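Chain residues, written in single-letter form:
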Amino acid sequence: MNKILMVSVFTLTLVACSSHQAPPYDKDKRPEDREQYSGIEGVMQKQKDQIYLNNQARLAKCQDARLDLVDAEAEGDINMIRQVKARVQKNCVIEK
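Residues numbered from 1 in each chain as written. Predicted model: local features only at pLDDT ≥ 70, side-chain atom pairs only at ≥ 80, totals over all residues. Heavy atoms only, no water.

Please explain the pattern of salt bridges as it appears in this structure.
If the charged atoms of two oppositely charged side chains come close together, the side chains can form a pair. Taken as a whole, this structure holds 6 salt bridges when the rule is applied. With a closest N to O distance of 3.9 Å, K27 and E41 form a salt bridge. Here E41 lies in helix α2 (residues 39-75) and K27 lies in the loop between α1 (2-18) and α2, a separation of 14 residues in the sequence. Given a relative accessible area of 57%, K27 falls into the exposed group. (Salt bridge = Lys/Arg side-chain N within 4 Å of Asp/Glu carboxyl O. Helix = DSSP H or I, 4+ residues; strand = E, 2+ residues; numbered from the N terminus. Buried < 20%, exposed > 50% of the residue type's maximum accessible area, 1.4 Å probe, protein only.)

In this structure, what is going on with the nonpolar core? I would like to understand it.
Of all hydrophobic cores here, the largest spans 6 residues; its members are A65, L69, A72, I81, V84 and V88. Of all the elements in the fold, those that place two or more residues in this core are α2 and α3 (78-91). Ignoring sequence-local partners within four residues, the contact set of V84 consists of A65, D68 and L69. (Core = buried A, V, L, I, M, F, W, Y, C linked by side-chain atoms within 4.5 Å. Contact = heavy atoms within 4.5 Å.)

How do you make sense of the side chain of Q45 when you look at a structure like this?
Here Q45 is to be found in helix α2. Apart from the residues within four sequence positions on either side, Q45 is in contact with Y25, R34 and Y37.

Whenever I open this one, the packing of α2 against α3 confuses me. Can you help?
Relative orientation and spacing of two packed helices are given, respectively, by the angle between their axes and the distance between those axes. Across the interface, α2 lies against α3 with an axial gap of 9 Å and an inter-helix angle of 160°. Taken together, the axes of α2 and α3 lie roughly antiparallel to each other. Viewed along their axes, α2 and α3 form a crossing whose handedness is left-handed. Contacts between α2 and α3 involve R58, K61, C62, D64, A65, R66, D68, L69, A72 and E73 from the first element and M80, I81, V84, K85, R87, V88 and N91 from the second. Its residues assigned to classes, the contact of α2 with α3 comprises 8 nonpolar, 1 polar and 8 charged. (Axes fitted to C-alpha atoms, helices over the stretch in contact; angles between N-to-C directions. Parallel < 35°, antiparallel > 145°, perpendicular 65-115°, else oblique. Left-handed = near helix turned anticlockwise from the far one by under 90°. Nonpolar A, V, L, I, M, F, W, Y, C, P; charged D, E, K, R; others polar.)

I'm lost on α2 in this one. Help?
Helical geometry: 3.6 residues make up each α-helical turn, so side chains three or four residues apart lie on a common side. Here α2 spans 54 Å end to end across 37 residues, near enough to the 54 Å set by a 1.5 Å rise per residue. Of the residues making up α2, those classed as buried are G42, Q45, D49, N55, C62, A65, L69 and A72. Elements that come into contact with the buried residues of α2 comprise α3. Positive backbone phi, at 80°, marks G76, one or two positions downstream of α2. (Expected span 1.5 Å × (residues − 1).)

Whenever I open this one, the state of the cysteines confuses me. Can you help?
Here is the idea: a disulfide is a covalent bond, and it sits between the sulfur atoms of two cysteines. Throughout the structure, instances matching the rule amount to 1 disulfide. There is a disulfide in this structure between C62 and C92, and the S-S distance comes to 2.0 Å. Handedness here is read from the sign of the S-S torsion; for C62 and C92, about 100°, the answer is right-handed. Linking C62 in helix α2 with C92 in the segment after α3, this pair joins segments that are 30 residues apart in sequence. (Disulfide = S-S within 2.5 Å.)

Purely geometric stuff here, so don't read any function into it on its own.
Take a look at the structure:
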C-alpha cells in the first residue's frame, strides 16, 4: 500500500511539473523584443532570430554605405569613392 502511494505521488508530481513549463519563446513578440527561450524549439527560434537581427544590422550598414557613396560621388572625391565602394561590397551581401 505504501509503495502504491509513493508511486502515485511521484507520478502526480511529474505531471504537475510538466504542466507548468514555460513556452519555448514569446511567439507574440518581434525577434527584437524576445528575451526568453527554452527547450529545443526555443533554441532553434533563437538561432533564426539571431540570423534575422544580423541581417537587419547589415542592411542598415549597407544603406548607410550607399548614402555615403552618393555623397562621395557628389563631391567627386576618388579616394573616398573607392573606400565607400569597398564598404558597400562588404555590407550589402545578405545571408539567408
